[in-house]
Amino acid sequence: MNKLEAKNVNVFYGAIKPNTVTAFIGPSGCGKSTFLRLFNRMNDYIDVFRMNGIISIDGKDIYDKNIRVEELRKQIGMVFQKPNPFPKSIYENVVYGLRIQGIKDKKILDETVETALQQAALWEEVKDKLKDSALALSGGQQQRLCIARTLAVQPTVILMDEPASALDPISTAKIEDLIYKLKSKYTIVIVTHNMQQAGRISDKTAFFYMGEMVEFDDTKIIFTNPKQERTLNYVTGRFG
Amino acid sequence: MNSSQKNRLKDNAFKYFGIGCTLFGLLMLAIFLGNILIEGIGRIDWGFITSFPSRNPGKAGILPALIGTLWIMGLTAIIAIPLGISAGIYLEEYGKKNRLANILEINISNLAGVPSIIYGLLGLEIFGRIMGMGGSLLAGASTLSLLILPIIIVSTREALKAVPTSIKEASFAMGASKWQTVWYQLLPASFGGIVTGVILALSRAIGETAPLIVIGALAYVPFVPSSPADEFSVLPIQIFNWIGRPQKGFAINAASAIIILLLVTFILNGFAMFLRNRWQRKVKW
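Residues numbered from 1 in each chain as written. Chains lettered and ligands numbered in written order. Predicted model: local features only at pLDDT ≥ 70, side-chain atom pairs only at ≥ 80, totals over all residues. Heavy atoms only, no water.

## Here we look at helix α3 (residues 63-94) of chain B
With 32 residues, α3 of chain B extends 45 Å between its outermost C-alpha atoms, agreeing within 8% with the 46 Å of an ideal straight helix rising 1.5 Å per residue. The largest bend in α3 of chain B amounts to roughly 30° and is located at Ala80 of chain B, with the proline Pro82 of chain B lying one to four residues further along. (Helix = DSSP H or I, 4+ residues; strand = E, 2+ residues; numbered from the N terminus. Expected span 1.5 Å × (residues − 1). Bend = angle between axes of the 7 residues up to and from the residue.)

Right, dumping it as structure tokens:
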């Protein structure tokens, strides 16, 4: 069974297997972020938004009328381009997803905070200051906190919209390490404009250009032997 | 003179002009305050605050008007704050952003500029006559609530708009519903702005005279109102009434009452500033 599927969404036919990292690459404004946001229905807030085609998770159409968007988003987490922790303590950031589900048991909350922060490789750095404001952390730490916050609700898919583009190289390396480790438990889709990054961390790569998906294949093939000339031109740096 | 010297001269000229403009307003306010203080401060004592109005200026006091003002403020706050904030939240977060919303938005802003006496006529007709409230505190507070609703709605929307979209998206992406996002993220983050708007609106309500006169607030009230159904007077009406009297003593009384009214307003504003600062230390971007 495919984890995520997209059919008829513009010209793209493809499927994303569980426990893989899929990268979306392409020049700015080519629609890769918009495409990513289809998977957790974040485009619903755009008043003129309209979609044809079918996107499904575990075989279920996520744009079906009977789908509860809130439930869907617990299953499909998202990490944004700019770290966006809530203006609350580190602890409260991690447990936010549990709190809105009505979980109050302190033991569960405490355990979740420790597990999620450990999974996000942030625990050692913040374990003594969980009550401090999340905004006091560095950019890279904030981004890992946002990842921890997403992991805390135990999604199966994580969407990442250029998660490292606002970070320095060291923080970026940490995030990439993290993505590599998370792959064993989660299905990850990442938008990046950094081709080296796509090459380093992804199993599959999709190349977008001018609102279309041009090619979708194994990352190795996309970077060494793509079928489309536009893809070849882009990955070899001839345009974009 | 070359052009860089000319630019510097213009720059300096505007700077001093600006200082002059700023001082002009401040100076006028200082003269007014000084005048009122000199005239009225001597008359303020416990007796002035706890006495009823009287034909004898030396014995007259502001008790019913002061209590009336506090009643009106409280009732107006109870009516207008939940209505205004809820409407603001709906328009900003729930309502679709289409043509109709645009028309609504323009009209709400326009309503904020409608002369207050017109609200008085509206209140007289709807609350006083149709709903049978007469010249009661409730009718007055309802009328003033209408008057300040647009201010509260607009400032609530502005405060919500100022919360970064990234926070909203983060909350939605975690599976929060719209209401949870409003309650856990947007309201706490915009609290300072909303409180400021509410207090400004209430300060305006405190000073209003015309609409209350229209709905039938009394100039002479020989009792302290004890329920929302009672008739009432408020400080601005008392001041207005005293200023119209020929005796010098009443002019002094009016100055003293103005000091008390200003004091109430300042306390309210100070409270707002206190709340805002306390909150801003908790929420910073």
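## Some thoughts on the interface of chain B and chain A
Opposite the 22 residues of chain B that make contact, chain A presents 23 residues. Run the count over chain B and chain A and you get 1 salt bridge. As a salt-bridge pair, Arg37 of chain A and Glu169 of chain B come within 2.9 Å of each other at their nearest N and O atoms. There are 5 residue pairs in polar contact (both at pLDDT 80 or more) connecting chain B and chain A. When residues of the side of chain B that touches chain A are assigned to their parent elements, the largest contribution, 7 residues, is made by helix α7 (residues 165-173) of chain B. Residue composition of the side of chain B that touches chain A, grouped by class: 9 nonpolar, 7 polar and 6 charged. (Contact = heavy atoms within 4.5 Å. Salt bridge = Lys/Arg side-chain N within 4 Å of Asp/Glu carboxyl O. Polar contact = N/O pair within 3.5 Å; in protein donor to acceptor, adjacent residues only side chain to side chain. Nonpolar A, V, L, I, M, F, W, Y, C, P; charged D, E, K, R; others polar.)

## Focus on the sheet that holds strand β8 (residues 187-191) of chain A
All names here are of chain A. Read across the open sheet, the 6 strands follow the order β6-β7-β8-β3-β9-β10; overall the sheet is mixed. The two strands at the open ends of the sheet, each matched to only one other strand, are β6 (76-79) and β10 (212-218). Within the sheet, the average angular offset between the axes of one strand and its neighbour, ignoring direction, is 15°. Two strands pair when backbone bridges link them, and strand β3 (residues 21-25) and strand β9 (residues 204-209) are joined in this way by 4 bridges, in the parallel orientation. Following the sheet pairing, Ala23 is matched in β9 by Thr205. (Pairing = 2+ DSSP bridges. Axes fitted to C-alpha atoms, helices over the stretch in contact; angles between N-to-C directions.)

## Brief notes about the domain arrangement of chain B
Residues and elements named next belong to chain B. Split by domain assignment, chain B resolves into domain 1 (3-43) and domain 2 (48-282). The gap between the C-alpha centroids of domain 1 and domain 2 is 30 Å. With 8 residues of domain 1 at the interface, the matching set in domain 2 holds 14 residues. Interface of domain 1 and domain 2: buried area, both sides summed, is about 810 Å²; carbon and sulfur atoms make up 68% of it. If you sort the residues of domain 1 by the area they bury against domain 2, Ile36, Glu39 and Arg43 come out on top, with a joint share of 71%. Counting every contact that joins domain 1 to domain 2 gives 1 salt bridge. Across the salt bridge formed by Glu39 and Lys248, the nearest N and O atoms sit 3.5 Å from each other. For the interface between domain 1 and domain 2, the tally reads 6 residue pairs in polar contact (both at pLDDT 80 or more). (Domains from an automatic or database assignment. Buried area = accessible area lost by both parts, 1.4 Å probe.)

## Examining the pattern of salt bridges
Tallying each qualifying case throughout the model produces 19 salt bridges over all chains. Residue Glu124 of chain A pairs with Lys127 of chain A through a salt bridge whose shortest N-O separation is 3.1 Å. Across the pair Lys183 of chain A and Asp203 of chain A runs a salt bridge, and its minimum N-O distance is 3.1 Å. Taken together, the positions of Lys183 of chain A in the loop between α7 (169-182) and β8 and Asp203 of chain A in the loop between α8 (195-201) and β9 put the pair 20 residues apart, joining distant regions of the chain. Judged by relative accessible area, Lys183 of chain A falls into the buried class, the value being 18%. Linked by salt bridges that have partners in common, Glu92, Glu105 and Arg157 of chain B make up one network. (Buried < 20%, exposed > 50% of the residue type's maximum accessible area, 1.4 Å probe, protein only.)

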